[in-house]
Amino acid sequence: MSKQNKVALITGITGQDGAYLAELLIKKGYIVHGIKRRASQFNTDRIDHLYQDPHEKDQRLILHYGDLSDSLNITRIIQESQPDEIYNLGAMSHVQVSFDSPEYTANVDALGVLRVLEAVRLLGMTEKTKIYQASTSELYGLVQEVPQSETTPFYPRSPYAAAKLYGYWITVNYREAYDMYACNGILFNHESPLRGETFVTRKITRAAAKIALGLQDKMYIGNMDAKRDWGHAKDYVEAMWLMLQQDKAEDFVIATGVTTKVRDFIIAAFNEVGIKLRFEGEGVEEIGIIDSVDEAKYKAATNLSASDFQLSAGEAVIEVDPRYFRPTEVDLLIGDPTKAQEKLGWKPKYDLQGLLEDMMKEDVKLFQKDLDLKEAGHKVLTQAE
Ligand code: NDP
Ligand code: GDR
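Basis of the calculations
- Residue positions are given per chain, counted from 1 along the sequence in the order it is written.
- By the order in which they are written, chains take letters starting at A while ligands take numbers starting at 1.
- Totals for whole chains, interfaces and linings use all residues, but because this is a predicted model, local features are given only for residues with pLDDT of at least 70 and pairs of side-chain atoms are given and counted only at 80 or more.
- UniProt positions are given in the numbering used here, feature names are shortened, and annotations may be inferred rather than shown by experiment.
- The way it works is that DSSP assigns letters per residue, a run of H or I at least four long becomes a helix, a run of E at least two long becomes a strand, and they are numbered from the N terminus.
- Just to be clear, the radius of gyration here is over C-alpha atoms, and the globule rule we use is 2.2 Å times residues to the power 0.38.
- Residues with at least 20 neighbouring C-beta atoms inside 10 Å of their own are called buried, those with 12 or fewer are called exposed, and the rest are partly exposed, where every C-beta is derived from the backbone.
- Interaxial angle, 0 to 180 degrees, is taken between N-to-C directions of lines fitted to C-alpha atoms, where a helix line uses only the stretch in contact.
- Note on angle classes: values under 35 degrees are labelled roughly parallel, values over 145 roughly antiparallel, values of 65 to 115 roughly perpendicular, and the remainder oblique.
- By definition, turning the near helix anticlockwise from the far helix through less than a right angle yields a left-handed crossing, and turning it clockwise yields a right-handed one.
- The contact criterion used is a C-beta to C-beta distance within 7 Å, with each C-beta placed from the backbone.
- Here the nonpolar group is Ala, Val, Leu, Ile, Met, Phe, Trp, Tyr, Cys and Pro; Asp, Glu, Lys and Arg are the charged ones; every other residue, Gly included, is treated as polar.
- To decide whether a residue is near a molecule or strand, its C-beta atom is placed from the backbone and checked for lying within 6 Å of it.
- Any two strands with at least two DSSP-identified bridges between them are counted as paired.
- An automatic or database domain assignment is the source of the domain bounds shown.
- The predictor's confidence in any single residue is recorded as pLDDT, a number from 0 to 100.
- This arc is built from the directions going out from the helix axis to the C-beta atoms.
- To define a nonpolar core, we join buried Ala, Val, Leu, Ile, Met, Phe, Trp, Tyr and Cys residues through C-beta atoms within 7 Å and take the resulting set.

An unreviewed UniProt entry lists the protein under the name GDP-mannose 4,6-dehydratase, from Gracilimonas mengyeensis. Checking UniProt for the protein, the heading Function (unreviewed entry) contains the comment "Catalyzes the conversion of GDP-D-mannose to GDP-4-dehydro-6-deoxy-D-mannose."

Novice: Account for the overall build of the protein, naming residues and giving values.
Specialist: A tally of helices and strands in the protein yields 11 helices and 15 strands. Over its C-alpha atoms the protein spans a radius of gyration of 22 Å, differing by no more than 12% from the 21 Å that the globule rule assigns to 385 residues. If you line up the protein on its principal axes, its C-alpha atoms span 65 × 50 × 40 Å. With 385 residues in all, the protein has 44% of them scored as buried.

Novice: For the packing of helix 4 (residues 102–122) against helix 5 (residues 159–178), give the residues involved together with the corresponding values.
Specialist: Here helix 4 crosses helix 5 at 15°, and the two axes come no closer than 8 Å. Classed by the angle they form, the pair helix 4 and helix 5 counts as roughly parallel. Along this stretch, helix 4 crosses helix 5, giving a crossing that reads as right-handed. Side by side, helix 4 and helix 5 meet where P102, T105, A106, D109, A110, V113, L114, L117 and R121 of the first sit next to P159, Y160, A163, K164, Y166, G167, I170, T171, Y174 and Y178 of the second. Its residues assigned to classes, the contact of helix 4 with helix 5 shows 13 nonpolar, three polar and three charged.

Novice: Could you give me a rundown of the site of ligand 1, with the residues and numbers involved?
Specialist: Taken together, 25 residues form the shell around ligand 1, and within it G12, G15, G90, A91 and A134 come nearest. Going through the elements one at a time, helix 1 (16–27) and strand 5 (130–136) are the ones with two or more residues in the shell around ligand 1. Residue composition of the shell around ligand 1, grouped by class: eight nonpolar, 14 polar and three charged.

Novice: So what's going on with the pairing of strand 4 (residues 85–88)? Which residues, and what values?
Specialist: With burial as the criterion, each face of strand 4 is covered, one bearing E85 and Y87 and the other bearing I86 and N88. Sheet topology places strand 1 (residues 7–11) next to strand 4; four bridges connect them, and they run parallel. When the sheet's bridge partners are listed, A8 is paired in strand 4 with E85.

Novice: Outline the site of ligand 2, listing residues and values.
Specialist: Taken together, 22 residues lie around ligand 2, and V95, T136, V200, G222 and A226 are the ones closest in. Put simply, the parts of the chain that give the shell around ligand 2 at least two residues each are helix 3 (95–100) and helix 6 (200–212). When residues are assigned to domains, the shell around ligand 2 turns out to be shared by domain 1 (7–187) and domain 2 (200–227 + 261–329 + 352–375), each giving three or more.

Novice: Got a sec to walk through the confidence of the model for the protein? Specific residues and values, please.
Specialist: On average, residues of the protein score 93 in pLDDT, and 95% of them are at 70 or above. Confidence estimates for the predicted assembly give a pTM of 0.96 and an ipTM of 0.99.

Novice: I'd like to hear about the sheet that holds strand 2 (residues 31–36), residue by residue, with values.
Specialist: Here seven strands make up an open sheet; going across it, the order is 3-2-1-4-5-6-11 and the pairing parallel. In this open sheet, the two strands that pair with only one neighbour each are strand 3 (61–65) and strand 11 (252–254). Averaged over all pairs of adjacent strands, the angle between their axes in this sheet comes to 20°, without regard to strand direction. When strand 2 meets strand 3, the two strands line up parallel, connected through five bridges. What sits directly across from I35, in strand 3, is H64. Each of strand 4, strand 5 and strand 6 (182–187) is contacted by helix 4, which is oriented at about 170° to strand 5, the strand it contacts most.

Novice: Could you give me a rundown of the domain arrangement of the protein, with the residues and numbers involved?
Specialist: Each assigned domain of the protein is listed with its residue range as follows: domain 1 (7–187) and domain 2 (200–227 + 261–329 + 352–375). Using C-alpha coordinates to define each centre, domain 1 is positioned 33 Å away from domain 2. Counting from both sides, the interface comprises five residues of domain 1 and, opposite them, four residues of domain 2. Taken together, the residues of the side of domain 1 that touches domain 2 sort by class into two nonpolar, two polar and one charged.

Novice: Tell me about helix 2 (residues 71–81), and please be specific about residues and values.
Specialist: Listed in full, the buried residues belonging to helix 2 are I74, I77 and I78. Burial along helix 2 is one-sided: seen end-on, the buried residues are contained in an arc of 100°. In helix 2, the exposed residues that point more than 90 degrees away from the buried face are L72 and E80. Where the residues of helix 2 are buried, they touch strand 1, strand 2, strand 3 and helix 4. Backbone geometry just downstream of helix 2 places Q82 in the positive-phi region, at approximately 45°.

Novice: Just give me the short version of the nonpolar core, but keep the residues and values in it.
Specialist: I10, A22, I131 and I254 are the most contacted members of the largest nonpolar core, which totals 69 residues. The contact partners of I10, leaving out residues within four places of it in the chain, are G18, L21, A22, V32, G34, Y87 and L89.

Novice: Let's hear about the packing of helix 6 against helix 8 (residues 262–272): which residues, and what values?
Specialist: Following both chains from N to C, one finds helix 6 and helix 8 inclined at 30°, their axes separated by 9 Å at the closest point. In terms of orientation, helix 6 and helix 8 fall into the roughly parallel class. In the packing of helix 6 onto helix 8, the handedness of the crossing is right-handed. Contacts from V200, T201, I204, T205 and A208 of helix 6 reach helix 8 at V262, F265, I266, A269, F270 and E272. In terms of residue class, the contact of helix 6 with helix 8 is built from eight nonpolar, two polar and one charged.

Okay, structure coming up:
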């Protein structure tokens, strides 16, 4: 292997962004080290296509067992892998779950960042190693101004966001105190076919695909009035890499500049499979009933004809369930990516429609397999999300 190969370490490599970033860096000729957590079952689905047998020569992807709550482990992995670049993507990343596990979230999402920075400092690697910290638009929380930019004040609204606030500032502090190349990407929501199943976009695309194929007849949802600036994860990992290729470490907002209501994302997703929804009522009483099926669109998406569109209860219901409401909500996110466009030359390739089409196509494909199993007489399990 050439001496020119840069070495990167990705925490959170088994997650959505970790998988796309690992693929991007390997394409660019990097040797990629990643930290995976020990689990009782394989948890590397998203990166299995990049996996190499550890006995092969010229390893491009090297996985280490580890956890951001374990400073000895983090320090050892950094020492062994000697990375030129660290992408700290590992986190308990679900906002609602952070209300259930606030202490764990703080340990991983706040102190985990400190552990990475301090390991690089203690190992005397501050001149060698550049660090990317996965900061978030959740830092803006309660709306102070729109669109949100690098200068907008923060007002976190969840244990997740409060922990990420510490991660943001400790990164800035290490940059200033020890002259480290450490920067924050303040990324707005980004999604993909690899998105975790319990985030709202993926929950919706999965439900629309299953409902279209007759595998499910109802979707429970939380606050449909929240607005998010949704981009594609493939575009966003490109921005992470660009942030570490500059002369000077700086923090950047990465966003599309377009915001959309959860409700409109639902309508658009069902529209992709030719199913129109009608919303009725207000608040928790609000339901949507399948109104009609666009024969051509439905057939194109599912390979079925509209007469195959059968639901057990006769109608697909979108039911608001307060269990998905958060104790404190972030109502409106819309980012201003001007600085990233000007200084990094970053420009997303996907718009919302492109993102939605990619997600719906993959989810229909995924559940078509379930449909085949069902038709062959197998039981198909569905799980509440
Ligand atoms: P995911 O939830 O898909 O992935 C999170 C990753 O972190 C997984 O690999 C997970 O491992 C790992 N992880 C969780 N806990 C620990 C721990 N204790 N020690 C080590 N690793 C751990 O998140 P995304 O890929 O969507 O996001 C990547 C990062 O970017 C996160 O930090 C997130 O907070 C942040 N972010 C995400 C945005 C988004 O819209 N996606 C927007 C802004 C910021 P496992 O697979 O074992 O669970
Ligand atoms: P978010 O993403 O909290 O913005 O955090 P999520 O998709 O979970 O929620 C977006 C909005 O949708 C509303 N919502 C629901 N959310 C979920 N998960 N499930 C539902 O049933 C539902 N119904 C309505 C939520 O209330 C919210 O307003 C994501 C994560 O990736 C973070 O790690 C990241 O930092 C931010 O994006 C930017």
